[in-house]
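Structure at a glance
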Amino acid sequence: MNRISKQLAITASFLLLSMIPALSQAQNKAPDSTPGQSQAMHEKHGDHNAMLANLNLTDDQKAQIKQIHEGTRSKVEAVNNDSSLSADQKQTKIHDIRRDMHEQVKKVLTPDQRKQFEENMREHRESKQQPPATK
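Since we're looking at a predicted model, the values are computed, not measured.

So, the overall build of the chain
In terms of helices and strands, the chain carries four helices and zero strands. Taking the contacts inside the chain whose residues are at least 6 apart along the sequence as the reference set, 64% of them involve residues at least 24 apart. Summed over its atoms, the accessible surface of the chain is roughly 10500 Å², and 55% of this surface lies on carbon and sulfur atoms.

Shown next, in the form of structure tokens:
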């Protein structure tokens, strides 16, 4: 029994030591991914601003949409920081959050603004699907 305990302790120690480099790498990668996510988020906000630019929003609409975007941003950050979710699960949840945001924004818009917003979104989706022009 004493021999089994020693072997178990050695095996556990070996497993623990072998996990340290992986844990260290995971910690090192986490801060590096945040600036990339932040930059991507800023690019997304640029896209949202472009989709809203030609809608002639009132100050009240702008304030409501700003609140919607802030709520969305905090939800997306919470999903990104949830280590229990896989990358696919995070992507799915973020997609759902953004779809919900668009629906909330549409409720703030007038019927004419809604039509223009949907047209802007359609054009945006099409431009994302086209390959970049080569020179």
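A word on helix α2 (residues 59-80)
A rise of 1.5 Å per residue sets the reference length of α2, with its 22 residues, at 32 Å; its end C-alpha atoms lie 31 Å apart and thus fit the reference within 8%. Every buried residue belonging to α2 is among Q61, I65, I68, H69, T72, V76 and V79, and all of these are buried. Along the axis of α2, the buried residues cluster in a sector spanning 100 degrees; they form a single face. Away from its buried face, by an angle of more than 90 degrees, α2 presents the exposed residues D59, D60, K66 and Q67.

Focus: the environment of E118
Mapped onto the elements, E118 comes out in helix α4 (residues 111-129). Given the relative accessible area of 36%, E118 is considered partly exposed. Remark: the alpha-carbon pair of E118 and K106, spanning twelve residues in sequence, is separated by 8.7 Å. Of note is the side chain of E118, whose polar atom sits 3.4 Å from the side chain of K106.

Observations regarding the confidence of the model for the chain
Confidence along the chain averages 76 in pLDDT terms, with 61% of residues attaining 70 or more. Between residues 22-45, whose pLDDT stays under 50, and residues either more than four places distant or in other chains, the model counts six contacts.

Calculation rules
- Residues numbered from 1 in each chain as written.
- Predicted model: local features only at pLDDT ≥ 70, side-chain atom pairs only at ≥ 80, totals over all residues.
- Heavy atoms only, no water.
- Helix = DSSP H or I, 4+ residues; strand = E, 2+ residues; numbered from the N terminus.
- Contact = heavy atoms within 4.5 Å.
- Areas by Shrake-Rupley, 256 points an atom, 1.4 Å probe, with all protein chains shown as cover.
- Expected span 1.5 Å × (residues − 1).
- Buried < 20%, exposed > 50% of the residue type's maximum accessible area, 1.4 Å probe, protein only.
- Arc of directions from axis to C-beta.
- Polar contact = N/O pair within 3.5 Å; in protein donor to acceptor, adjacent residues only side chain to side chain.
- pLDDT = per-residue confidence, 0-100.

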